[in-house]
Amino acid sequence: MADVPDLALNNGQAIPQLGFGVFQIDPAETAAAVQQALEVGYRHIDTAEMYRNEKGVGEGIRQAGLDRSDVFVTSKLSNEAHRPDDARTAFDDTLSALGFDYVDLFLIHWPLPTRYDGDFVSTWQALEEFYRSGQARSIGVSNFQVPHLRRLAAETDIVPAVNQIEAHPYFTNEEVRAYGREHGILTEAWSPIAQGVVLDDPTITATAERVGKTPAQVTLRWHIQRGDIIFPKSTTPSRVKENFELFDFVLDDDDMAMISALDKGEDGRTGGHPDRVA
Ligand SMILES: NC(=O)c1ccc[n+]([C@@H]2O[C@H](COP(=O)([O-])OP(=O)(O)OC[C@H]3O[C@@H](n4cnc5c(N)ncnc54)[C@H](OP(=O)(O)O)[C@@H]3O)[C@@H](O)[C@H]2O)c1
């Protein structure tokens, strides 16, 4: 089994391209799920304040007997804490829930342009403070559309290291990815298998059969070859292992193009539109 590649963030920090996501994992079951993923070999965990399971993430890492520096940990600011004072309190709470004195990456979870008088700029400036203090080794955003990113570029100092957005074969989200590529912002693709929706697609199942892999592995490999960062979620032990086995095969250019052509544009989006999520 080849190692998971590290990608370089725009501040020189390294991030493992494949991680383990814990959205919708019961807080009481998160420590065991994280420990299991770490045993399989994952070294990157994606959580959020709104998932209510940061405590389990910290416990899982400690139970696995790994050093803090062995695992890349991301969390995200709650939608309820965008005002800078609230953001500072929430960030402190994240560190105490995890039981760590830093996170590797901290994100604004949603831009919320219809809340807080449309002000995500002062929220970002609070994250810039967390970065300068060293308590967030990198900072980034999630669900930011191009106009949101342009506004940060015009009004703030630090370019986000990543933008974590919905992306999968039915919603390839090219415009936002292209902005990131042009401005040194890596794309993290959330719901990389669209929570399972794409796995019965005939193009994906036919490719899987031909290359001798599963539909999930083919879909996740497509993301890896696009250069995006992914962290599929599963609480099924066999799938946690399956989703990690992506580095012993390659999709050719035709496979990549056929899967990319499954894009349905906005019709393929499974989550809320970032302009409207409140
Ligand atoms: N920033 C954001 O707004 C945002 C939004 C959504 C997600 N995320 C992040 O992205 C991560 C991944 O997204 P996600 O959890 O929404 O969806 P996902 O990873 O695309 O899919 C997870 C679902 O697919 C199933 N599954 C996993 N591996 C499978 C396999 N090999 N074969 C068949 N089914 C499989 C899982 O079932 P079982 O668990 O039952 O195996 C679960 O129901 C999250 O955990 C979170 O960290 C971020």
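Visitor: So what's going on with the sheet that holds strand β8 (residues 162–166)? Which residues, and what values?
Guide: One open sheet holds the 8 strands; their spatial order is β3-β4-β5-β6-β7-β8-β9-β10, and the pairing between them is parallel. Of all strands in the sheet, those bounded by a partner on one side alone are β3 (20–21) and β10 (229–230). Where strand β7 (residues 139–142) meets β8, 2 bridges bridge the pair, whose relative direction is parallel. Bridging across to β8, Val141 finds its partner in Asn163.

Visitor: Describe unusual backbone geometry, listing the residues and the values that go with them.
Guide: Its identity is not glycine, yet Tyr116 carries a phi of approximately 50°, on the positive side. Inspection of the secondary structure puts Tyr116 in the loop between β6 (105–108) and α4 (121–132). By relative accessible area, which is 14% here, Tyr116 ends up buried. A positive phi angle, near 65°, is found at Asn143, a position not held by glycine. Summarising the element assignment, Asn143 is placed in the loop between β7 and α5 (146–155).

Visitor: Tell me what's going on with the site of the ligand, and back it up with residues and numbers.
Guide: Within the structure, the ligand sits among 28 residues, and Asp46, Ser191, Lys233, Ser234 and Thr236 are positioned closest to it. Within the contact set of the ligand, a nitrogen atom lies 3.1 Å away from a side-chain nitrogen or oxygen of Glu242. Interatomic distance of 2.9 Å between a side-chain N/O atom of Asn243 and a nitrogen atom of the ligand. In this structure, the ligand is accommodated by the largest pocket. Residue composition of the shell around the ligand, by class: 12 nonpolar, 11 polar and 5 charged.

Visitor: Which residues make up the pattern of salt bridges, and what values do they have?
Guide: This structure, assessed with the given rule, holds 15 salt bridges. The salt bridge involving Glu155 is made with Arg151; its shortest N-O contact spans 3.2 Å. In this pair, Glu155 and Arg151 are both assigned in helix α5, 4 residues apart and thus about one turn of the helix distant. For Arg151, a relative accessible area of 29% gives the class partly exposed. Here Arg177 and Glu174 are joined by a salt bridge, their closest N and O atoms 2.9 Å apart. Taken together, the residues Arg177 and Glu174, both in helix α6 (residues 174–183) and 3 residues apart, mark about one turn of the helix. Since its relative accessible area comes to 33%, Glu174 is described here as partly exposed. Beyond isolated ion pairs, a larger network of salt bridges with shared partners links Glu174, Arg177, Arg226 and Asp228.

Analysis parameters
Residues numbered from 1 in each chain as written. Predicted model: local features only at pLDDT ≥ 70, side-chain atom pairs only at ≥ 80, totals over all residues. Heavy atoms only, no water. Pairing = 2+ DSSP bridges. Helix = DSSP H or I, 4+ residues; strand = E, 2+ residues; numbered from the N terminus. Buried < 20%, exposed > 50% of the residue type's maximum accessible area, 1.4 Å probe, protein only. Near = heavy atom within 4 Å. Polar contact = N/O pair within 3.5 Å; in protein donor to acceptor, adjacent residues only side chain to side chain. 1 Å grid on protein atoms, 1.4 Å probe; cavity = no way out; pocket = protein on both sides within 12 Å on 5 of 7 lines; lining within 4 Å. Sits in = over half its atoms within 2 Å of the grid points. Nonpolar A, V, L, I, M, F, W, Y, C, P; charged D, E, K, R; others polar. Salt bridge = Lys/Arg side-chain N within 4 Å of Asp/Glu carboxyl O.

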